[in-house]
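Spelled out, the chains give:
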Amino acid sequence: MQYVSRVPRPPLDGLIDDLYYLEGAPPYARLMLPPMPGALLIVNLGAPFRMRAGTDIETAEYADGCVITTPTRALEFSYPLRTRSVGVHVKPWGLAPFLPMPAAELCDRPVTVEQVWGRPAVAELRDRLATAVGPHEMLTLLEEELMRRLCETAGLGLVHRTSSVIAATSGAVAIGGLSVGAGVSSTHLTQRFKQLIGVTPKRLARTHRFAATLLAIDFAQPIDWGDIAAGAGYFDQAHFGHEFRAFTGLTPTRYADVRRRFLREHPGHVLDGWSLPAD
């Protein structure tokens, strides 16, 4: 697969981690993505893909792309034989200036780009992207579209600053102290988080801690799950196992087996690192 990415220019770099282009045959027909402390916007330029957000939600088809606020459950993508898209990896608070609705309405309920920006605008954007000369021009067009849509958002500075504290500690922060440090009530802070990110500060901290723990594991080596749990600050190994199942639907041992399968069958693949085969 071809994967091209770059960081956007200011002020988008305060909202977005990177813009990316993806094209080619996926390593597996179905991929599972554990929850991440961030959001995602995909503009699809190929055949439709299918996605399911949680086992209690039916799989839905996305032709023009999708918008995903910070998730609390694993996502499952079903790809066509070849996929082609441009997308945006967004910081937890970063989608808010581009949404016409509170982020909480989209929590674990991905929607099409059309549902957010409207059919005519999305059709015109996809046409321009499809006729662009190469990935870099496509990313420039997407960046320009985001710059045009950037809006002032009440409370964004508060949520940005507080989320940054959570990220800096990998979620190991006293939640009660966040509102004190920000000079607002815990109720006000929670309301702003749900409005702009879609989840509470506590939930975002849990996601940061889990993601940081996973990314620090070397799956090529033997794993002592007790040491991992203790090092990440979980109460005990049972607590860690419960979090693992809540976030991925898998036990830690099963997750390691699936991760190693990806490493064995597709070493160095551009999608390795977070996604897992779901087949």
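In this text the structure is predicted, and so the values were computed from the model without any measurement.

How each quantity is defined
- Residues numbered from 1 in each chain as written.
- Predicted model: local features only at pLDDT ≥ 70, side-chain atom pairs only at ≥ 80, totals over all residues.
- Heavy atoms only, no water.
- Helix = DSSP H or I, 4+ residues; strand = E, 2+ residues; numbered from the N terminus.
- Buried < 20%, exposed > 50% of the residue type's maximum accessible area, 1.4 Å probe, protein only.
- Contact = heavy atoms within 4.5 Å.
- Areas by Shrake-Rupley, 256 points an atom, 1.4 Å probe, with all protein chains shown as cover.
- Lys, Arg positive; Asp, Glu negative; His and termini not counted.
- Charge placed at Lys NZ, Arg CZ, Asp CG, Glu CD.
- Phe/Tyr/Trp six-rings, centres within 6.5 Å; stacked < 30°, edge-to-face > 60°.
- Lys NZ or Arg CZ within 6 Å of the ring centre and 35° of its normal.
- Arc of directions from axis to C-beta.
- Pairing = 2+ DSSP bridges.
- Axes fitted to C-alpha atoms, helices over the stretch in contact; angles between N-to-C directions.
- Parallel < 35°, antiparallel > 145°, perpendicular 65-115°, else oblique.
- Nonpolar A, V, L, I, M, F, W, Y, C, P; charged D, E, K, R; others polar.
- Expected span 1.5 Å × (residues − 1).

Considerations on the overall build of the protein
Here is step 1: Along its length, the protein carries 10 helices and 10 strands.
Here is step 2: Viewed in the frame of its principal axes, the protein has a C-alpha envelope of about 55 × 50 × 35 Å.
Here is step 3: In the protein, which comprises 279 residues, the share counted as buried stands at 50%.
Here is step 4: Sequence separation of 24 or more characterises 72% of the internal contacts of the protein that already satisfy a separation of 6 or more.
Here is step 5: Accessible surface, the protein as shown: approximately 12400 Å² in total, 54% of it carbon and sulfur.
Here is step 6: Computing the positive centroid from 28 side-chain charges and the negative centroid from 28, the protein places the two 3 Å apart.

A look at the packing of aromatic side chains
Here is step 1: Applying the stated criterion to the full structure yields 13 aromatic pairs.
Here is step 2: Centre to centre, the rings of Phe210 and Phe247 are 4.6 Å apart; their planes meet at 15°, and the pair counts as stacked. One end of the pair, Phe210, is in helix H7 (residues 201–215); the other, Phe247, is in helix H9 (residues 237–248), with 37 residues separating them in the sequence. Across the pair, Phe247 and Phe210 agree in class, each one buried.
Here is step 3: Pairwise contacts between aromatic rings join Phe210, Phe219, Trp225, Tyr234, Phe240, Phe244, Phe247 and Tyr255 into one cluster.
Here is step 4: Positioned above the aromatic ring of Tyr234 is the side chain of Arg209, whose terminal nitrogen or guanidinium carbon lies 4.1 Å from the ring centre.

What about helix H6 (residues 186–196)?
Here is step 1: Along H6, the residues that are buried comprise Leu189, Phe193 and Leu196. Down the axis of H6, the sector holding all buried residues measures 85°, keeping them to one side.
Here is step 2: Buried residues in H6 make contact with helix H4 (156–168), helix H5 (175–182) and H7.
Here is step 3: Immediately beyond the C-terminal end of H6, within one or two residues, lies Gly198, with a positive phi of roughly 105°.

Topic: the sheet that holds strand S10 (residues 276–277)
Here is step 1: Taken together, five strands build an open sheet; the order of strands is S6-S5-S8-S3-S10 and the sheet is antiparallel. Because the sheet does not close on itself, it has two edges, and the strands there are strand S6 (60–62) and S10.
Here is step 2: By the bridge criterion, four bridges tie strand S5 (residues 49–53) to strand S8 (residues 75–78) in an arrangement that is antiparallel. Among the inter-strand pairings, Arg52 is bridged to a residue of S8, identified as Glu76.

Some thoughts on the sheet that holds strand S4 (residues 39–44)
Here is step 1: With respect to topology, five strands assemble into an open sheet ordered S1-S2-S9-S4-S7, the strand pairing being antiparallel. Where the open sheet ends on each side, the last strands, each with one partner, are strand S1 (2–6) and strand S7 (65–68). Neighbour-to-neighbour, the strand axes of the sheet open up by a mean angle of 15°, direction not taken into account.
Here is step 2: Where S4 lies against strand S9 (residues 83–90), six bridges are found, and the strand directions are antiparallel.

Some points on the packing of helix H2 (residues 119–130) against helix H3 (residues 134–149)
Here is step 1: Where H2 meets H3, the closest approach of the two axes is 9 Å, and the angle between their N-to-C directions is 155°. Judged on the interaxial angle alone, H3 and H2 are roughly antiparallel. Each of Ala121, Leu125, Arg128 and Leu129 in H2 lies in contact with H3, whose residues at this interface are Met138, Leu141, Leu142, Glu145, Arg148 and Arg149.
Here is step 2: Among the residues making up the contact of H2 with H3, the classes are represented as six nonpolar, no polar and four charged.

Observations concerning H7
Here is step 1: Between its terminal C-alpha atoms H7 stretches 21 Å, which fits the 21 Å expected from 15 residues at 1.5 Å a residue.
Here is step 2: Here H7 lies mainly inside the structure; 11 of its 15 residues are buried.
Here is step 3: Of all the positions in H7, only Pro201, Arg203, Leu204, Ala205, Thr207, His208, Arg209, Phe210, Ala211, Thr213 and Leu214 are classed as buried.

Any functional reading would require information that these geometric values do not contain.
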